[in-house]
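So the chains spell out like this:
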Amino acid sequence: MPLVFGIVGCRHGHVFSLIKELLSAPNTECAGVFDSDQDSLRAVTSRFPVRAAASETELLDNPDVTLIGTAEINRKKAPLILNALSAGKHVIADKPLCTSLHELNAIERTATEKRLKIGLMLTERFGPANRRMKQLVSDGFVGHVANVMCWRPHRLGRATRPDWMFVDDLYGGILVDLAVHDADIIRWLTGGNFLEVTAYQYNMGNPAATDFSDIGVMLGRLSTGATGFVRTDWFTPATSPVHGDTRFLVTGTTGMIEVRTSGDLWGGEIGKEPQVLFISDTQPATRFDGIGPERPLVHDFLRSITDGRPAEITTTDVFEATRTTLMARLSCKLGRTVTRSESYLA
């Protein structure tokens, strides 16, 4: 029997890649797509061979539907996800999962009680350069990981962005939206959870968007003793050939790794393969090729549902990465460090 899925909420462009991967997976079938905004709905039904559902309830009440996917407005995801879990459906969402710790705690409780899986499109783990970085760390090339630094610029393209993105309550902020990738990568590399987070986000270049932060920084301490630093922004220059020149720098006790996911733009190697650079106490500077994933992220998540195998990004990973960035959001609001223990009190 096919795995039947439904889509509820099509307010971000990520919905197209989500549906494309769901439809390309072996033995899947779409029961329907729903969005209360007709333009968003038509954008999907005109691109894919899927039907428009009459309502969210139609899909949640359908006993054949196993999975609900969503790219809803960030602030509106949590009620939808909780409804889907209560109806016995697994869920996969574009990022972020939700915008408050209170919502996250409710989702985590419900998913655990119902024994359902949550997927999130944390695509960085599936990048070939990043997978090589992980292999080098796991094989002990850098010793004990002491620090991971993440650099995540993005191109804003204001005219292409939905209005809700510039309302903090609906959007959730730059760290919740973008730095969730980095929180996941840092946990993946260090093997630890964030114990405390200090963060700042603010508006430097978009004065007309008074409820919008275009740059954010986050510093955290992990249970392994390592620290993680993230800097993300919406300032990719207009002349840049890439949407975001994302980079990672891993510092270990015996070596270092730098990943340039878009190649060396500064060195003139525009358009070339991503770079993985390594140096250690015993090995001079060396460049490694990437390692491709066995299957795409969404396919891997679907297999965890159909075969019962753990996904590469587990439900726990989704909750932990989300918790970290929501701790960062709370830190920005309170103007102080936020601890892991107080995140459960929200």
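Residues numbered from 1 in each chain as written. Predicted model: local features only at pLDDT ≥ 70, side-chain atom pairs only at ≥ 80, totals over all residues. Heavy atoms only, no water.

### Focus on the overall build of the protein
Stated formally: Only DSSP runs of H or I covering at least 4 residues are called helices, and only runs of E covering at least 2 are called strands; the numbering of each starts at the N terminus. Only protein chains enter the accessibility calculation, which uses a 1.4 Å probe; a residue whose area is less than 20% of its type maximum is buried, one above 50% is exposed, and one in between is partly exposed. The Shrake-Rupley method, run with a 1.4 Å probe sphere, supplies the accessible areas, and residue values consider only the shown protein chains as cover. Positive charges come from Lys and Arg, negative ones from Asp and Glu, while His and the chain ends are left out of the count. A charge is said to be at NZ when it belongs to Lys, at CZ for Arg, at CG for Asp and at CD for Glu.
Secondary structure summary: the protein contains 12 helices and 14 strands in total. Buried positions account for 54% of the 346 residues belonging to the protein. When the accessible area of the protein is evaluated, it comes to approximately 14700 Å², of which 53% is carbon and sulfur surface. In the protein, 37 side chains carry a positive charge and 40 a negative one; their mean positions are 1 Å apart.

### Brief notes about the sheet that holds strand β2 (residues 28-34)
Where we set the bar: The rule for pairing is simple: two strands pair if DSSP sees at least two bridges between them. Angles shown run from 0 to 180 degrees and are taken between the N-to-C directions of axes, each axis being a line fitted to C-alpha atoms and, for helices, limited to the stretch in contact. Residues are treated as being in contact if the distance between any of their heavy atoms lies within 4.5 Å.
Strand order in this open sheet of 5 strands is β2-β1-β3-β4-β5, and the pairing throughout is parallel. The sheet terminates laterally at β2 and β5 (118-120), the two strands that pair on one side only. Recorded for the sheet is a direction-independent mean angle of 20° between the axes of neighbouring strands. Across 4 bridges, the pairing between strand β3 (residues 65-71) and strand β4 (residues 90-93) is parallel. Pairing of Gly69 across the sheet is with Ile92, part of β4. Of the strands in this sheet, β1 (3-10), β2, β3 and β4 are in contact with helix α1 (residues 14-24), which crosses β1 at around 175°.

### Brief notes about the sheet that holds strand β13 (residues 286-288)
Taken together, 9 strands build an open sheet; the order of strands is β13-β12-β11-β10-β6-β9-β8-β7-β14 and the sheet is mixed. Strands with a single pairing partner mark the edges of an open sheet, and in this sheet they are β13 and β14 (338-339). Bridge analysis of strand β6 (residues 145-153) against strand β9 (residues 227-233) gives 7 bridges, and the strand direction is parallel. Within β9, the residue paired with Pro153 across the bridge is Asp233. Along the sheet, helix α9 (residues 180-190) makes contact with β6, β7 (194-202), β8 (215-222), β9 and β10 (247-252), crossing β6 at roughly 160°.

### So, the packing of aromatic side chains
Filter applied, for reference: Any two of the Phe, Tyr and Trp rings considered here, Trp counted by its six-membered ring, make a pair once their centres fall within 6.5 Å; the pair's planes then place it as stacked at under 30 degrees, edge-to-face at over 60, or tilted in between. Here, over-ring charges are defined by two tests on the NZ atom of lysine or the CZ atom of arginine: distance to the ring centre within 6 Å, and angle to the ring normal within 35 degrees.
Tallied over the entire structure, the rule returns 6 aromatic pairs. Their ring planes at 65° and their centres at 6.2 Å tell us that Phe278 and Phe288 sit as a pair that is edge-to-face. Linking Phe278 in strand β12 (residues 275-280) with Phe288 in strand β13, this pair joins segments that are 10 residues apart in sequence. Looking at Phe278, the relative accessible area reads 2%, which means it is buried. Through successive ring pairs, a cluster of aromatic residues spans Phe141, Phe278 and Phe288. In this structure, Arg47 is placed above the aromatic ring of Phe16, and the distance from its NZ or CZ to the ring centre is 3.9 Å. Seen from the ring of Tyr344, Arg323 lies directly overhead, with NZ or CZ sitting 3.8 Å from the centre.

### Focus: unusual backbone geometry
Residue Pro96 follows Lys95 across a cis peptide bond; omega there is 0°. Tracing the sequence through the fold places Pro96 in the loop between β4 and α5 (101-114). Positioned with a positive phi, Asn27 is a non-glycine residue whose angle comes to about 60°. Tracing the backbone shows Asn27 in the loop between α1 and β2.

### With respect to the packing of α1 against helix α10 (residues 297-306)
For the record, the criterion: Oblique is the label for any angle not covered by the other classes, which are roughly parallel (under 35 degrees), roughly antiparallel (over 145) and roughly perpendicular (65 to 115). By convention, the crossing between two helices is left-handed when the near helix turns anticlockwise from the far helix through less than a right angle, and right-handed when the turn is clockwise. Gly is placed with the polar residues, together with every amino acid not listed as nonpolar (Ala, Val, Leu, Ile, Met, Phe, Trp, Tyr, Cys and Pro) or charged (Asp, Glu, Lys and Arg).
Look at α1 against α10: their axes get within 8 Å of each other, and the N-to-C directions meet at 55°. Regarding the angle of α1 to α10, the classification is oblique. In the crossing of α1 with α10, the sense of the turn from one axis to the other is right-handed. Residue-level contacts link Leu18, Glu21, Leu22 and Ser24 of α1 to Leu297, Val298, His299 and Leu302 of α10. Within the contact of α1 with α10, the residues separate by chemical class into 5 nonpolar, 2 polar and 1 charged.

### Topic: the environment of Met133
Position of Met133 among the secondary structure elements: in helix α6 (residues 128-138). For the pair Met133 and Val4, spaced 129 residues apart in sequence, the C-alpha to C-alpha distance is 35 Å. Those residues in contact with Met133 that sit more than four places away from it in its chain are Ile185, Leu189, Phe248, Val250, Ile257 and Val259.

### Things to note about the environment of Cys98
Turning to its location among the elements, Cys98 is positioned in the loop between β4 and α5. Residue classification places Cys98 among the buried positions, given a relative accessible area of 0%. Dropping the residues within four chain positions of it, Cys98 is found in contact with Asn74, Ala78, Glu103, Leu104, Ile107, Val176, Thr322 and Leu326.

### A word on the state of the cysteines
Worth spelling out the cut-off: When the sulfur atoms of two cysteines come within 2.5 Å, that pair is taken as a disulfide.
In this structure the tally under the stated criterion is 0 disulfides. Among the cysteines around Cys10, which has no disulfide bond, Cys30 carries the closest sulfur, lying 9.5 Å off. On the accessibility criterion, Cys10 (6% relative accessible area) is buried.

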